[in-house]
Amino acid sequence: MSKLTLGDAYRRFVKSLEQTHEHEKAMQVAIGGEFDAVGVIEREILIHYGLPPEGFVIDVGCGSGRLSKPLSAYLTGPYLGIDVVPELVAHARALASRPDWTFAVAAGLEIPAAADSADMVCFFSVFTHLLHEQSYVYLREAKRVLKPGGRAVFSFLEFAQPSHWNIFESTVADRGAEHLNVFIGRDAIQAWAAHLQLEVVSIVGGDQPQTPLREPLTMEDGTVQTGSATLGQSLCVLGKP
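1. Things to note about unusual backbone geometry
When glycine is set aside, most residues are seen to have a negative phi, and most peptide bonds are trans.
Part 1 of the reasoning: Positive phi outside glycine occurs at S97, with the angle close to 50°.
Part 2 of the reasoning: Topologically, S97 is positioned in the loop between α5 (86-96) and β3 (102-105).
Part 3 of the reasoning: In this model, Q197 sits at a positive phi of 55°, which is unusual for a non-glycine residue.
Part 4 of the reasoning: The exposed category is assigned to Q197, whose relative accessible area is 57%.

And the structure:
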């Protein structure tokens, strides 16, 4: 399945949500549940793994602004958010309300940034919907745009996590759907890192604490998380020497 086909499927999905939901809700539902809480967790992950306030972040698959919204209160440096759905990009731009930041519609698998320019490149819930070859190309791009010492952060699904099995089963049940849920083995990550000459800084399972929380986090059901949090997906951090 081509990248274009995947993008087209996602764009159709977002348009269908806009027909059945109020705009703000459609923009949140389009990228999954717990819009506000997950955005904070993603921000805290980047900070935990070394993002300075003045750093340059590239957010591949920025969606409707789940990360950029909370990140705008921390990051004084530049930000580039890209996504394949124009409506989501427009919403993220408006939500962040940062005229100094850049949002763009993704074109292919290229990251529109200069070599050795970024402190962090993140791919939250991106590789979960791409073929392995596409994820590898994106990581190659991440290495190109990262500064020496910069880091690439991505979430992924893996069979090693029992909690991810229901996602696999739902994909089997909906095997005629265009929407992909792709699992990545840790052996693949190790091989990709070796061939790209990237350091594996950390791999943390989706059921393990992935980042400390600097303040209590309230979920949509009213429960409060303290101490540490997880995305639910597994997490990998790669470093550029």
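That covers the picture; the talk isn't over yet.
2. Side note on the pairing of strand β1 (residues 57-60)
Part 1 of the reasoning: What you see with β1 is no split at all: V57 and D59 on one side and I58 and V60 on the other are buried throughout.
Part 2 of the reasoning: Sheet analysis places β1 next to strand β2 (residues 79-83), joined by four bridges and oriented parallel. Across the sheet, residue I58 finds its bridge partner in β2, namely L80.

3. Regarding the pattern of salt bridges
Part 1 of the reasoning: Tallying each qualifying case throughout the model produces nine salt bridges.
Part 2 of the reasoning: R214 is the partner of E44 in a salt bridge, and the nearest nitrogen-oxygen pair spans 2.7 Å. Taken as a pair, E44 in helix α3 (residues 35-48) and R214 in the loop between β7 (211-212) and β8 (217-218) lie far apart in primary sequence, 170 residues in all.
Part 3 of the reasoning: Owing to a relative accessible area of 3%, E44 belongs among the buried residues under this scheme.
Part 4 of the reasoning: On the basis of relative accessibility, which here comes to 56%, the residue R214 falls in the exposed class.
Part 5 of the reasoning: A salt bridge links E141 to R144, with the nearest nitrogen and oxygen atoms 2.9 Å apart. Of the two residues, E141 and R144 are both situated in helix α6 (residues 132-145); the distance of three residues between them amounts to about one turn of the helix.
Part 6 of the reasoning: Taken together, the salt bridges that share partners define one network made up of R43, E44 and R214.

Analysis parameters
- Residues numbered from 1 in each chain as written.
- Predicted model: local features only at pLDDT ≥ 70, side-chain atom pairs only at ≥ 80, totals over all residues.
- Heavy atoms only, no water.
- Helix = DSSP H or I, 4+ residues; strand = E, 2+ residues; numbered from the N terminus.
- Buried < 20%, exposed > 50% of the residue type's maximum accessible area, 1.4 Å probe, protein only.
- Pairing = 2+ DSSP bridges.
- Salt bridge = Lys/Arg side-chain N within 4 Å of Asp/Glu carboxyl O.

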